[in-house]
Amino acid sequence: MTRLHEIRVIDSHTAGEPTRLVVEGGPDLGGGPLDQRVQRFRQHFDHYRSAIVNEPRGSDAVVGALLTPPGRADCQLGVIFFNNVGYLGMCGHGTIGLIASLAHMGRLRPGSWRVDTPVGPVSTRLNADGSVEVENVVSYRKARDVVVQLAGGSIHGDVAWGGNWFFLTDAHDLTLTLPNVEALTQYAWQVRQALNAQGHPEVDHVELFSSGSAAAGSDAGVAPVEPAARPRSRNFVLCSGKAYDRSPCGTGTSAKLACLAADGKLAEGEEWLQEGLIGTSFTAHYRWKSREKGEIIPTITGRAFVTGEALLRLDERDPFCFGIRSDQSVGR
């Protein structure tokens, strides 16, 4: 008999970036700490990851979130994030999408909720207006003014942790606008490959910056940011699977705050408004965890909107039942 499997999901977007939350039918990863469970996911159930987020059901931009019981006694929820090529330590936009989706389902009410992730617990707050605050994992800068050798010369930037590893730089001459996304993608990919080859294999996200835009959102079909709340910075983030982040990237904003704090350019508690490529924004601030170590605890605030509910059908007669992979073809 044909084997069929159904996975119930809630789709949302946070500042334009999609999250697909698996609420039923995902793989059984057993118990224990989430960093151990994500290893089981990777080793034994990676076909589920591909089926959920890759084409033909998903796309390169979709981030999956597997809802799971927490491994920590002080958390009410657990989540494992994944994308088109693998697994993420944390995901800021995805955590906002998780909270908004569970609120949509009636599982959460406004208030504080602690979430277990493979890289540590994060604290969230669902506000009455639907916005979500995420107090992220401890973030810090690992290396300052790292020089990256490229074919056309060299650039410099910082390597920082915000729940994922980032290379952050404003030392470029590219325009951070949506029509320029192909050139930005090619450039950021070149930077990542060079950086990995030069001794930073941990970095899988590249974040390009410019100063805040004069007409935020004018190239994205969304309303401009009001002059009194101009973004402090605009970014382009290339994620690990070579898709750009439609949102301003929560873990990338955390890494940015860690660099600003280390350089004394942003005071503890001071608000930072981070704009993404399509004109949407997150507000953020931080508190010190350890000034001596340069460690901060950032808080990111944003909104997510539920876009759909679905049962994904996995039919093993389908040659792409578990997603289209780079090593797979049909009819050859």
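Residues numbered from 1 in each chain as written. Predicted model: local features only at pLDDT ≥ 70, side-chain atom pairs only at ≥ 80, totals over all residues. Heavy atoms only, no water.

J.: For this particular structure, what's the right way to read the pairing of strand 7 (residues 120–126)?
T.: Bridge count between strand 6 (residues 111–117) and strand 7: 7 bridges; the pairing is antiparallel. If you follow Asp116 over to strand 7, its bridge partner there is Pro121. Direction of pairing for strand 7 relative to strand 8 (residues 132–135): antiparallel, over a ladder of 4 bridges. Bridge pairing in strand 8 places Arg125 opposite Glu133. Between the antiparallel neighbours strand 7 and strand 8 lie 5 residues, among them Gly130 with a positive phi of about 95°. (Pairing = 2+ DSSP bridges. Helix = DSSP H or I, 4+ residues; strand = E, 2+ residues; numbered from the N terminus.)

J.: Which parts of the structure should I look at to understand the packing of aromatic side chains?
T.: In this description, a pair of aromatic rings is defined by centroid distance and the angle of the planes. Scanning the entire structure with this criterion turns up 8 aromatic pairs. Ring geometry for Phe41 and Phe82: centres 5.5 Å apart, planes at 65°, overall edge-to-face. Placement of the pair is Phe41 in helix 1 (residues 34–44) and Phe82 in strand 4 (residues 77–82), with a sequence separation of 41 residues. Its relative accessible area of 0% is what places Phe41 among the buried residues. Considering the side-chain rings of Tyr140 and Trp165, the 5.9 Å spacing of their centres and the 85° angle between planes classify their relative orientation as edge-to-face. Of this pair, Tyr140 sits in strand 9 (residues 140–150) while Trp165 sits in strand 11 (residues 165–169), and the two are 25 residues apart along the sequence. According to the relative accessible area criterion, Tyr140 is partly exposed, its value standing at 27%. By relative accessible area, Trp165 is classed as buried at 17%. Grouped by ring-pair contacts, the aromatic residues Phe41, Phe82 and Tyr87 constitute a single cluster. A cation over an aromatic ring shows up here: Arg246 above the ring of Tyr244, its NZ or CZ 3.9 Å from the ring centre. A cation over an aromatic ring shows up here: Lys256 above the ring of Phe209, its NZ or CZ 4.0 Å from the ring centre. (Phe/Tyr/Trp six-rings, centres within 6.5 Å; stacked < 30°, edge-to-face > 60°. Buried < 20%, exposed > 50% of the residue type's maximum accessible area, 1.4 Å probe, protein only. Lys NZ or Arg CZ within 6 Å of the ring centre and 35° of its normal.)

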